[in-house]
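Working through the structure, step by step
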Amino acid sequence: MREVAIVGIGCTKFGEMWDKSFRDLFIEAGLMALSDAEVSGAQIEALYGGNMSAGMFLEQEHIGALIADYSGLTTNNIPSTRVEAACASGGLALRSGIIAVASGYHDVVISAGIEKMTDVGAEKAMDALASAADREWEAEVGATFPGLYAMMARAHMHELGTTREQLAQVAVKNHYHGSMNPRAQFRNKITIDTVINSPLVADPLRLFDCSPITDGAAAVVLVPAERAKEFTDTPIYVKAAAQASDTISLHDRRSLTSIDATTIAADRAFKMARLQRSQIDVAEVHDCFTIAEIMAIEDLGFFEKGAGGPVTLAGDTAIGGKIPINTSGGLKACGHPVGATGIKQAVEIVEQLRGDAGKRQVDGAEVGLTHNVGGTGGTVVVHILAR
Amino acid sequence: MTVPRFWRKIPNRYNLIGTKCENCNTYYFPPRIVCPPCRRKGVIREYAFEGSGKIVTYTTIYSAPESFTKMTPYVLAIVQLDEGPRLTTQIVCDPSEVKIGARVKSVFRKLGEDGPDGVIYYGTKFTLA
């Protein structure tokens with residue numbers, strides 16, 4: 001296997017982009033990545049596009065051909081593949097592109113992620129998101145996505161003593177980080193009171209515990225490490241690309257307070273990278289709900305089980321703390337266009353490792369991690385990137 | 001959805017019929033045709049669950065997709081059946097009454113409808129025992 005490098009990144013502004021279509025968004029992100037890497041369209045050999053549910057959000061399938069076509073890449077008839085793993089579709093597109101380059105099949109590959117969610121109303125969007133759960137045995141009996149995570153939050157609070165304020169602090173911290181990110185959907189700072197006084201969505205989770213409905217796209221350019229310097233002076237190297245699956249239904253899991261696939265994917269990634277948890281300087285984790293970030297920092301092995309809440313309240317996961325988590329603002333504040341999130345996480349880590357993250361720069365960041373979850377933990381993708 | 005899709009689900013949905021692997025004595029609900037530990041060595045038989053169990057975790061849903069908005073707020077829970085498997089279900093009770101560890105039993109209830117003129121579909125919910 002060959003080592004792989006990221007030599008170009010692009011990401012649109014995240015938010016309710018009512019004046020932009022699905023096509024506008026991925027073309028914008030793709031062109032940004034290409035010009036960042038100074039790659040021409042003629043050099044691109046393959047395209048992987050992460051997208052969860054264009055079928056339900058836009059009644060559009062066959063996304064591989066669509067994105068190749070409108071990017072002007074059908075002139076070369078390159079292979080273009082849509083990959084889907086619910087909210088982990090972006091992470092999976094990244095891993096698919098990395099495997100294609102590492103294996104020697106292709107040299108210059110684009111991995112992108114895209115979701116256009118605001119072309120349907122909130123209730124339809126909720127139904128589309130519920131398709132990441134087991135439709136027949138979860139969604140059809142009345143489970144919603146916030147509801148499933150709320151049941152994990154309830155169990156975590158019951159068994160491990162996590163508090164309402166600790167959950168709220170995840171959102172407070174991520175809005176603070178988002179306030180420094182020009183791409184973020186929400187750039188307003190909030191307080192614990194904002195969260196605990198917001199409307200109930202699925203008890204104990206409230207509106208400000210939930211990531212929003214977002215439009216956005218992101219893309220990266222991947223090449224073999226030995227060719228990286230042809231494209232950039234600051235390549236970022238892929239040290240690990242790991243993935244794990246688990247039962248699609250939450251009720252069939254071993255635990256309701258951990259996402260086992262996170263722990264397994266992380267173990268695989270750290271083994272592949274030959275690195276320790278303590279060597280990670282910055283991480284983007286999947287905070288689709290506040291409880292999800294608390295479980296993620298525990299299950300990734302950054303903190304002991306049950307310590308996720310207290311360390312968050314103590315500021316250990318904010319910029320300037322022991323291990324800054326979600327410097328982009330995370331899914332909560334930067335926004336969560338589901339198929340794009342996994343790629344956006346990589347874009348944020350690349351900016352951090354290049355030293356280009358502006359006000360939210362983590363000093364001296366050399367190694368970073370991304371953690372992307374599909375559904376309630378049926379798929380998890382973990383990447384480790386380094387300067 | 002088409003009517004055959006609802007018909008197909010009647011044994012499982014209405015009568016809580018799942019499966020049991022006779023090779024390793026594990027019960028499955030929702031039913032599985034492949035027993036994950038035994039795979040091809042598994043011997044799968046139908047099994048009708050007693051319908052008793054306890055609440056493992058729960059939430060009250062305030063914000064729901066279109067087909068459930070009329071029922072909000074409603075209690076959703078993961079219930080562990082006495083035979084072992086867990087399932088996601090609604091608990092027919094006041095949100096203030098539900099708690100982790102509470103004993104529950106299955107009841108036959110309307111689950112939803114396919115729009116104003118569509119098929120009404122039924123299934124299993126649970127009540128506090």
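What you see is a predicted model; the values in this text were computed from it and never measured.

The rules behind these values
- Residues numbered from 1 in each chain as written.
- Chains lettered and ligands numbered in written order.
- Predicted model: local features only at pLDDT ≥ 70, side-chain atom pairs only at ≥ 80, totals over all residues.
- Heavy atoms only, no water.
- Domains from an automatic or database assignment.
- Contact = heavy atoms within 4.5 Å.
- Buried area = accessible area lost by both parts, 1.4 Å probe.
- Helix = DSSP H or I, 4+ residues; strand = E, 2+ residues; numbered from the N terminus.
- Buried < 20%, exposed > 50% of the residue type's maximum accessible area, 1.4 Å probe, protein only.
- Salt bridge = Lys/Arg side-chain N within 4 Å of Asp/Glu carboxyl O.

**Examining the domain arrangement of chain B**
Residue and element names in this part refer to chain B. When the domains of chain B are assigned, the result is domain 1 (12–48) and domain 2 (51–129). Just the C-alpha atoms count here: the centres of domain 1 and domain 2 sit 23 Å apart. Listed as interface residues are 8 residues of domain 1 and, on the opposing side, 14 residues of domain 2. Carbon and sulfur atoms make up 66% of the surface buried where domain 1 meets domain 2, a total of about 870 Å² over both sides. For the domain 1 face of the interface with domain 2, the top three residues by lost area are Arg13, Tyr14 and Leu16, together amounting to 58%.

**Remarks on the environment of A:Ala266**
All names here are of chain A. Mapped onto the elements, Ala266 comes out in helix α9 (residues 260–273). Of the residues examined, Ala266 reaches a relative accessible area of 0% and is grouped as buried. Considering only alpha carbons, one finds Ala266 and Ala242, 24 residues apart in sequence, at a separation of 7.2 Å. With near-sequence residues (within four places) excluded, Ala266 lies in contact with Arg277, Leu300 and Val382.

**Brief notes about the side chain of A:Asn51**
When you line up the elements, A:Asn51 lands in the loop between β2 (46–50) and α2 (54–58). When near neighbours in sequence (up to four residues on either side) are disregarded, A:Asn51 contacts A:Phe22, A:Ile63, A:Arg82, A:Val83, A:Glu84, A:Ser89, A:Ile114, A:Glu115 and A:Gly339.

**Some details on the pattern of salt bridges**
Tallied over the full model, the rule gives 29 salt bridges over all chains. A:Glu140 is paired through a salt bridge with B:Lys9; the nearest N and O atoms lie 2.9 Å apart. With one member in each of two chains, A:Glu140 in the loop between α5 (122–130) and α6 (145–160) and B:Lys9 in helix α1 (residues 3–15) form a pair that bridges those chains. For A:Glu140, a relative accessible area of 6% gives the class buried. On the basis of relative accessible area, B:Lys9 is assigned to the buried category, the value being 4%. With a shortest N-O distance of 3.6 Å, A:Glu284 and A:Lys344 are connected by a salt bridge. With A:Glu284 in strand β9 (residues 282–284) and A:Lys344 in helix α13 (residues 338–354), the pair connects residues that are 60 residues apart, well separated along the chain. Owing to a relative accessible area of 0%, A:Glu284 belongs among the buried residues under this scheme. For A:Lys344, a relative accessible area of 2% corresponds to the buried category. If you follow the salt bridges from partner to partner, you end up with A:Arg2, A:Asp107, A:Arg227 and A:Glu230 in one network.

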